[in-house]
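As a plain string of letters, each chain reads:
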Amino acid sequence: MKLALLDDYQRVALQSADWGRLKGVEVSAFHEAFSSVDDAAKKLQPFDILCLLRERTAFPRALVERLPNLKFVALTGIRAGSLDSAALAERKVPVSNTRSGNSTYLTSELAWGLIINAARDMAKGERNMRSGKWHEGLAPGMGLQGKRLGVIGLGKIGARVAAIGKAFAMDVVAWSQNLTPEKAAEGGAAYLSKEDLLRTSDVISLHLVLSDRTRGLISEEEISLMKPTAILVNVSRGPLVDEKAMLDALKNGRLGHAALDVYDREPLPADHALRKMDNVTLSPHLGYVNDENLRMFYGDALENIEAFLAGKPIRVINL
């Protein structure tokens, strides 16, 4: 049996669980992203078992069908929208998931790190300090007290972000397709329509699951409603936002700042326009990443693989 640990960009997978418990299983780790479906198919074809780190690698039907040896997928986290579980089910390949850990707190903490960094232009200030400069080129920055925080998606993470906004003495409002004024109040926010939220918020933070209904939710039309000084924060999924419309608005002064942890394509290409812009704050999809979470993910995945090898799969989500 051959097991591939995917997307180990930080080179921690092999140390995060006792893979030596898998007797007779050859374990390999992939530390770089695949360049294409063809590249992934070629490199993964020999493997019987795949362990995926959340949804960092897309597994569409076109890839699944080119992995003839695949017998089991150990997914870390609860779900992966980029994994074609139905295609795997058709082949009777089980997919097992893991606990979600403390991702709610980790992701909301990161959202606030990005908000504060963007509001005070701290990334540029840090670059200045490392290059021997001081205030050169820095904007005065935005204080958060009394400003409006618009939360789009008031689930567990969104509600946590809203609560922290209250601690900063911000006026917190929220919207999502299914949100009601009563539910918004329970989550610590006032309900507004999407249009009013976009028009009046100083910081807009996205906390939605990516689906057919939410893909491209923030399009050119929505961005045109935002204040030219607004900060757009996305720690959910890149395709919630029309990337081209966002880039155009940032370049042309119609959007103040974007603070991003997620992107249409990950890892973000080295020559991507976002890397060259001053009015963006970027992090490399760190929302759920910390040592405790990774050890829990890989520990659960190891249990799932052991159960599969014993002929009694657990935590199966697609069969």
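Anything mentioned here points back to the structure above.
Below is a summary of the structure that appears in this document. (Residues numbered from 1 in each chain as written. Predicted model: local features only at pLDDT ≥ 70, side-chain atom pairs only at ≥ 80, totals over all residues. Heavy atoms only, no water.)

**Some thoughts on the overall build of the protein**
Part 1 of the reasoning: Helix and strand counts for the protein come out as eleven helices and twelve strands.
Part 2 of the reasoning: Viewed in the frame of its principal axes, the protein has a C-alpha envelope of about 60 × 50 × 35 Å.
Part 3 of the reasoning: For the protein, with 319 residues in total, the buried portion stands at 50%.
Part 4 of the reasoning: A fraction of 63% describes how many contacts in the protein between residues 6 or more apart in sequence connect residues 24 or more apart.
Part 5 of the reasoning: Positive and negative side-chain charges in the protein, numbering 41 and 39 respectively, have mean positions lying 2 Å apart. (Helix = DSSP H or I, 4+ residues; strand = E, 2+ residues; numbered from the N terminus. Buried < 20%, exposed > 50% of the residue type's maximum accessible area, 1.4 Å probe, protein only. Contact = heavy atoms within 4.5 Å. Lys, Arg positive; Asp, Glu negative; His and termini not counted. Charge placed at Lys NZ, Arg CZ, Asp CG, Glu CD.)

**Side note on the pairing of strand S1 (residues 2–5)**
Part 1 of the reasoning: Note: S1 against strand S2 (residues 26–29), four bridges, orientation parallel. Each bridged residue has a counterpart across the sheet, and for Leu5 the counterpart in S2 is Ala29.
Part 2 of the reasoning: Pairing of S1 with strand S3 (residues 49–52) involves three bridges; the strand directions are parallel. Considered in S3, the bridge of Leu5 is made with Cys51. (Pairing = 2+ DSSP bridges.)

**A word on the nonpolar core**
Part 1 of the reasoning: In terms of nonpolar packing, the biggest core is built from 29 residues, with Ile152, Met226, Met246 and Leu274 touching the most fellow members.
Part 2 of the reasoning: Elements with a minimum of two residues in this core: strand S7 (171–175), helix H8 (194–200), strand S9 (203–206), helix H10 (243–251) and strand S11 (257–260).
Part 3 of the reasoning: Looking at this core element by element, the count peaks at five residues for H10.
Part 4 of the reasoning: Beyond its immediate sequence surroundings of up to four residues, Met246 is in contact with Ile223, Leu232, Val241, Leu255, Ala258, Leu260 and Leu274.
Part 5 of the reasoning: In this structure, Leu144, Val151, Leu154 and Val203 belong to the second largest nonpolar core, which totals 26 residues. (Core = buried A, V, L, I, M, F, W, Y, C linked by side-chain atoms within 4.5 Å.)

**Re the environment of Arg11**
Part 1 of the reasoning: Inspection of the secondary structure assignment puts Arg11 in the loop between S1 and S2.
Part 2 of the reasoning: For the pair Arg11 and Lys43, spaced 32 residues apart in sequence, the C-alpha separation works out to 18 Å.
Part 3 of the reasoning: Setting aside residues up to four positions removed in sequence, Arg11 forms contacts with His31 and Glu32.
Part 4 of the reasoning: Within the local environment of Arg11, its side chain forms a polar contact with the side chain of His31, the two groups lying 3.5 Å apart. (Polar contact = N/O pair within 3.5 Å; in protein donor to acceptor, adjacent residues only side chain to side chain.)

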